[in-house]
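Breakdown of the fold
So the chains spell out like this:
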Amino acid sequence: VIKTVLALVGCQGGKNRIAIVAELFLEENRQLLDTFESGLITCVDSWDILGKILVQTSRTSGLAVVYGEMLSFDGCELYFHETDWNGVRFYDALYHFHDGVPMGVRRQNGELFIRPPEDTVLEEGDEILILAEDDSTIAFEPEPVIAPRDLAYVHKELHKRSERELVLGWHSIAKIVVGEYADYLLEGSSIDIVVPHPSQKVIADVEMLRLSNPSLHINMLRKNPMSLEDLWSLNPFGYDNVIILSQSENDPSPERTDSETMVILLLLRKILKDSALMEKQTKIITQVLNSENQELITQTNVDDFIISNKLITMIFAQLSEEPRIKQLYDDIFQEAGSEIYLKPARLYFDEFPTKVRFADLMGQVIKRGEVCLGYRLGEHAAEPEANFGVRLNPPKDEEISLDHDDSVVVLAEDEL
């Protein structure tokens, strides 16, 4: 990859003038390309991004759908927009667009602030990062297009507790998944990794994870996830989350991997049915390597899935169009800073069902120091034709009926 980038720059006489997106997995190699000092060369570690999204998705159901829309060229997209701001506060500017939800501000020095401080004023030369239907529909109005109603609000928070995570399978992404969990989980939480016949390298990798994350109980269990008896013995629905990875460290073909994933999902569905649990609390998260298997996966009781190859190609395409979006990824794909969450509607309202306009919902979210990007209706969470209940950037005067099992899509500091 490095030689190819060198060749592309060499073809231009040593000075790069085109957008180049390079997939590099080692930090030292990404640093090498930084020596070109070209804002048009963007380095991406796809395994790192996918591992982080898998963990974030297990923390907040529906997030994969949100990312899928934001990263694609269908539905709402991300844009940078500059205009004469007339000294408006960032959080007041949210109501000055018919289409679009501002997410951050990029100062003239190139620094991007996602969900900036409350007193941030937009200055001449500032660009906002905005989620909108199309760049042609983004227009800042001198006066607010709508004002939110001042609804009753009582501050509430979710509470963290120790958790148990189950990882079925092993390949390169597993180390990233465990490392990412270490940033989120309370001390004393556990991660059980299931590998039927681990190689010496896998054993060494798990031991290294155990030593580098002393706050967690990390265990390797030699059982076969594709055996109903072995899967039963794990008591999978006693865990908070189950993440299904490739069953071979040698990364078999996408079709084989997806087929094995579907077998495990069907076995889990049988266990759930035979155990007669009144309500499933465990979330099941997996990858889909072949996007053609999406419809089959949705029939197997999975809570969320990531179409890996499609997601990465969308990221590559988006970065080739707008390299500066990488600053957003660097912020939201890590535990520190702002991230995207789907939080329960009960954090923002006391009575249900409740009818509000989207502008009112935005106003409630701001009271928690967050930015509202949309909502998710729980009754449609399993319906692909309804985008799994997710609606981003609706018209600000659109009336929404929210109930107990609905969620709000927000930019926030943490998941609480």
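The structure contained in this document is the topic of the report that follows. Predicted model, so just to flag it, every value in this text is computed and none were measured. (Residues numbered from 1 in each chain as written. Predicted model: local features only at pLDDT ≥ 70, side-chain atom pairs only at ≥ 80, totals over all residues. Heavy atoms only, no water.)

This paragraph deals with the environment of Lys343. Secondary-structure assignment places Lys343 in strand β13 (residues 339-344). C-alpha separation for the pair Lys343 and Ser61, spaced 282 residues apart in sequence, amounts to 9.2 Å. Non-local contacts of Lys343, meaning those with residues more than four positions away in its chain, are made with Tyr348, Arg368, Glu370, Asp406, Ser407, Val408, Val410, Ala412, Asp414, Glu415 and Leu416. (Helix = DSSP H or I, 4+ residues; strand = E, 2+ residues; numbered from the N terminus. Contact = heavy atoms within 4.5 Å.)

With respect to topology, four strands assemble into an open sheet ordered β13-β18-β15-β16, the strand pairing being antiparallel. Unpaired on one side and paired on the other, β13 and β16 (390-392) mark the two borders of the sheet. Averaged over all pairs of adjacent strands, the angle between their axes in this sheet comes to 30 degrees, without regard to strand direction. Bridge count for β13 against strand β18 (residues 407-412) is six bridges, and the pairing is antiparallel. For Leu342, the partnering residue across the bridge sits in β18 and is Val409. Along the sheet, helix α4 (residues 63-71) contacts β13, β16 and β18; its crossing angle with β13, the most-contacted strand, is approximately 135 degrees. Relative to the sheet, helix α13 (residues 358-366) contacts β15 (371-376) and β18, its axis offset from that of β15 by approximately 125 degrees. (Pairing = 2+ DSSP bridges. Axes fitted to C-alpha atoms, helices over the stretch in contact; angles between N-to-C directions.)

On to the packing of aromatic side chains. According to the stated counting rule, one finds five aromatic pairs in the structure shown. Ring centres 5.2 Å apart and planes at 75 degrees place the aromatic pair Tyr67 and Phe333 in the edge-to-face group. Placement of Tyr67 in helix α4 and of Phe333 in the loop between α12 (326-332) and β13 is noted, with a sequence separation of 266 residues between them. Here the aromatic residues Tyr67, Tyr329 and Phe333 are joined through ring pairs into a cluster of three or more. For Arg106, the ring lying beneath its charged end belongs to Phe80, and the centroid distance is 6.0 Å. A cation over a ring is seen here: Arg164 above Tyr239, with NZ or CZ 4.1 Å from the ring centre. (Phe/Tyr/Trp six-rings, centres within 6.5 Å; stacked < 30°, edge-to-face > 60°. Lys NZ or Arg CZ within 6 Å of the ring centre and 35° of its normal.)

Okay, the packing of helix α3 (residues 46-59) against helix α6 (residues 173-184) next. Between α3 and α6, the least distance of the axes is 8 Å, while the angle of their chain directions is 50 degrees. The orientation of α3 relative to α6 falls into the category oblique. For the crossing formed where α3 meets α6, the hand is right-handed. Across from Trp47, Asp48, Leu50, Gly51, Lys52, Leu54, Val55, Gln56, Ser58 and Arg59 in α3, the residues of α6 making contact are Ile173, Ile176, Val177, Glu180, Tyr181 and Tyr184. Its residues assigned to classes, the contact of α3 with α6 shows nine nonpolar, three polar and four charged. (Parallel < 35°, antiparallel > 145°, perpendicular 65-115°, else oblique. Left-handed = near helix turned anticlockwise from the far one by under 90°. Nonpolar A, V, L, I, M, F, W, Y, C, P; charged D, E, K, R; others polar.)

Relative to the elements of secondary structure, Ser338 occurs in the loop between α12 and β13. Side-chain polar atoms of Ser338 contact the side chain of Arg115, separated by 3.0 Å. (Polar contact = N/O pair within 3.5 Å; in protein donor to acceptor, adjacent residues only side chain to side chain.)

The strand order β9-β8-β7-β10-β11-β12 describes an open sheet built from six strands, whose pairing is parallel. Both outer strands of the open sheet, β9 (217-221) and β12 (304-307), are each paired with one neighbouring strand and no more. Averaged over all neighbouring strand pairs, the angle between strand axes comes to 15 degrees, with direction disregarded. Pairing of strand β7 (residues 164-168) with strand β10 (residues 241-244), which is carried by four bridges, proceeds in the parallel orientation. Considered in β10, the bridge of Val167 is made with Ile243. Across the sheet, helix α7 (residues 200-212) touches β8 (190-194) and β9, and the angle it forms with β9 is around 165 degrees. Across the face of the sheet, helix α11 (residues 308-321) comes into contact with β11 (283-288) and β12 while running at roughly 55 degrees to β12.

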